[in-house]
Amino acid sequence: MNNEHQSAWEKCLNVIKDNVPSSSFKTWFEPIEPVKLENKVLTIQVPSAFFYEYLEEQFIDILRKTLRMVIGNGAKLEYNVVMGNKNSQPYTVSYPTNNNTKIQNKPLTIPLKADEKPTIKNPFIIPGIQKLQIDPQLKPDNTFENFVEGDCNRLARSAGYAVAQNPGGTAFNPLMVYGNSGLGKTHLVQAIGIEVKERFPDKVVLYVNANKFQTQFTEATRNNNRNDFLHFYQMVDVLILDDVHEFAGKEKTQETFFHIFNHLHQMGKQLILTSDKPPIELKGMEQRLLSRFKWGLTADLQIPDFETRMEILRRKVYKDGITLSEEVLEYIASHVTNNVRELEGALVSLLAQSMLNKREITLELAAKLITKLVKNSKRELSIEYISKVVCDYFNMPVDALQAKTRKREIVQARQIAMYFSKSLTKYSLASIGAQIGSKDHATVLHACKTVNNLKDTDKNFRVFVEEIEKKLKM
């Protein structure tokens, strides 16, 4: 009969449905299509290679037992796996079932216990604490309503809102937001996540910082749970990864994220990334990963202009129920210009001083405090800036640090740049090495030790380092 395979599969589904959680049945069995039944071999079609691998790892027992019950002893399973992506013509590849689980000689026991269900370890759940849903890790205040729009961020905000209305369904996938620290990248991408959860409560939204992702990956590798880690992230509908530039020089982490990215993108899920630079300027990243970052939209956040800074301050004082004169707000907005974080921090400091000293916030008080804050605030150093200062000191082009040469003066300048990058920034050793000469973390460690040793033994070298340090801290 032409419908013999469909009838057999429907009987299998009736048994399976009673023995797996409803959510698992909907996710992993409803998308399966029976193809044919010949010589007790049932061929089923699954939508991806990951789908096939997951069925084999988590549900092979129930599949084999059910096939034996419906088709009889000797029943076998074969998969047609749909390959390709949305940009190419899909095709299928046939795979036989694995032989990891031998049940031919085991008695058929139906039904299974109700509590026998596959589980994937959630890296966001503390052992011993059970959660039915994934916590999206979003701060409630980071909404679109609290994000002040201006010329500095209009493109990124508009794109973000479009993504929130139709996650995975726009051309902005991935959406990559980049800009310097303190300009609101985290706020904006979390606003997208919050809006998605409000519009689509059933979607799995997850925000994670790159450092947290790296820590989880390292722990999963140590505990031999890398498959659980991979599968967990591949089940997310909207993945928000903050500070992706922190993956620089971390090859294994990049490889894992590459597979997660591919799977989510192929399944029509939404990816949202942030970085301190656009993809073309990221160093220490695999080219195949960078090319995927460019698939969607890359939008930057710039330093807010005066009007935007004024609106940020007005909203802040209104939210806190405080009244400040326009001249005080204008003074703050005129003198604190680097980023939103410093702007809000200056206002908080001013309010704290007023409350502690029980003094009215006047223009004089604001001027005194803001002048002190601006004077004492440290420039946020970057590896690029440190490299430039070092190269200027030694009168050489910045590109010299990237050259593959053993010339003493270039090697020494590179080591000093690595030394200050480690001591004056929060970048990882791998990231520093990737950006200075495409070196690994061991080279950076060696450079730091060399500089420290030469400072103790070479007077002239110590003068070099001290003079460069003064320039960096000016």
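First, a word on scope: everything that follows refers to the structure included in this document. Keep in mind that this is a model prediction, so the values were computed, not measured. (Residues numbered from 1 in each chain as written. Predicted model: local features only at pLDDT ≥ 70, side-chain atom pairs only at ≥ 80, totals over all residues. Heavy atoms only, no water.)

**A closer look at the pattern of salt bridges**
If the charged atoms of two oppositely charged side chains come close together, the side chains can form a pair. Enumeration over the complete set of coordinates arrives at 11 salt bridges. Residue D276 is joined to K277 by a salt bridge in which the shortest nitrogen-to-oxygen separation is 3.2 Å. On the basis of relative accessible area, K277 is assigned to the buried category, the value being 10%. In this structure, the salt-bridge partner of E384 is K277, at a minimum N-O distance of 3.0 Å. Linking E384 in helix α15 (residues 383-393) with K277 in the loop between β8 (270-275) and α10 (287-293), this pair joins segments that are 107 residues apart in sequence. By relative accessible area, E384 is classed as partly exposed at 36%. Here the residues in one salt-bridge network are E149, D151, R154 and R157, joined through shared partners. (Salt bridge = Lys/Arg side-chain N within 4 Å of Asp/Glu carboxyl O. Buried < 20%, exposed > 50% of the residue type's maximum accessible area, 1.4 Å probe, protein only. Helix = DSSP H or I, 4+ residues; strand = E, 2+ residues; numbered from the N terminus.)

**Some points on the packing of helix α16 (residues 408-424) against helix α18 (residues 441-457)**
Where α16 meets α18, the closest approach of the two axes is 8 Å, and the angle between their N-to-C directions is 100°. Here α16 is positioned roughly perpendicular relative to α18, judged by the angle of their axes. Where α16 abuts α18, its residues Q412, Q415, I416, M418, Y419 and K422 lie against T443, V444, H446, A447, C448, T450, V451, N452, L454 and K455. Per-class residue counts for the contact of α16 with α18 are 8 nonpolar, 6 polar and 2 charged. (Axes fitted to C-alpha atoms, helices over the stretch in contact; angles between N-to-C directions. Parallel < 35°, antiparallel > 145°, perpendicular 65-115°, else oblique. Contact = heavy atoms within 4.5 Å. Nonpolar A, V, L, I, M, F, W, Y, C, P; charged D, E, K, R; others polar.)

**A short note on helix α9 (residues 251-266)**
Spanning 16 residues, α9 covers 22 Å between terminal C-alpha atoms, matching the ideal 22 Å at 1.5 Å per step. Within the sequence span of α9, burial applies to T253, Q254, T256, F257, F258, I260, F261, H263, L264 and H265. At the C-terminal side of α9, G268 shows a positive phi close to 80°. (Expected span 1.5 Å × (residues − 1).)

**Things to note about the packing of aromatic side chains**
For the structure shown, the criterion picks out 18 aromatic pairs. Measuring from ring centre to ring centre gives 6.0 Å for F25 and F29, while their planes differ by 20°; the resulting arrangement is stacked. For the pair shown, F25 and F29 are each scored as buried. On the numbers, 5.1 Å between centres and 70° between planes, the contact of F29 with F59 is edge-to-face. Within this pair, whereas F29 is found in the loop between α2 (22-28) and β1 (33-38), its partner F59 is found in the loop between α3 (49-58) and α4 (60-71), the two being separated by 30 residues in sequence. A relative accessible area of 2% places F59 in the buried class. (Phe/Tyr/Trp six-rings, centres within 6.5 Å; stacked < 30°, edge-to-face > 60°.)

**Some details on the pairing of strand β9 (residues 297-300)**
Where a strand is regular, its side chains alternate between the two sheet faces. Residues of β9 alternate between two faces, with L297 and A299 buried on one and T298 and D300 left unburied on the opposite face. As paired elements, strand β5 (residues 175-178) and β9 share 4 bridges and run parallel to each other. Bridging across to β9, M176 finds its partner in T298. (Pairing = 2+ DSSP bridges.)

**A look at the sheet that holds β8**
An order of β6-β7-β8-β5-β9 is seen for the 5 strands of this open sheet, with the pairing classed as parallel. Edge positions in the sheet fall to β6 (205-209) and β9, since each of these pairs with one other strand and no more. Ignoring which end each strand starts from, the neighbouring axes of this sheet average 15° apart. When β6 meets strand β7 (residues 238-242), the two strands line up parallel, connected through 5 bridges. Looking at β7, one finds that Y207 is bridged to I240. Lying over the sheet, helix α5 (residues 154-165) contacts β5, β8 and β9, oriented at roughly 135° with respect to β9. Contacts between helix α7 (residues 210-222) and the sheet are confined to β6 and β7, with β6 contributing the most and set at about 90° to the helix.

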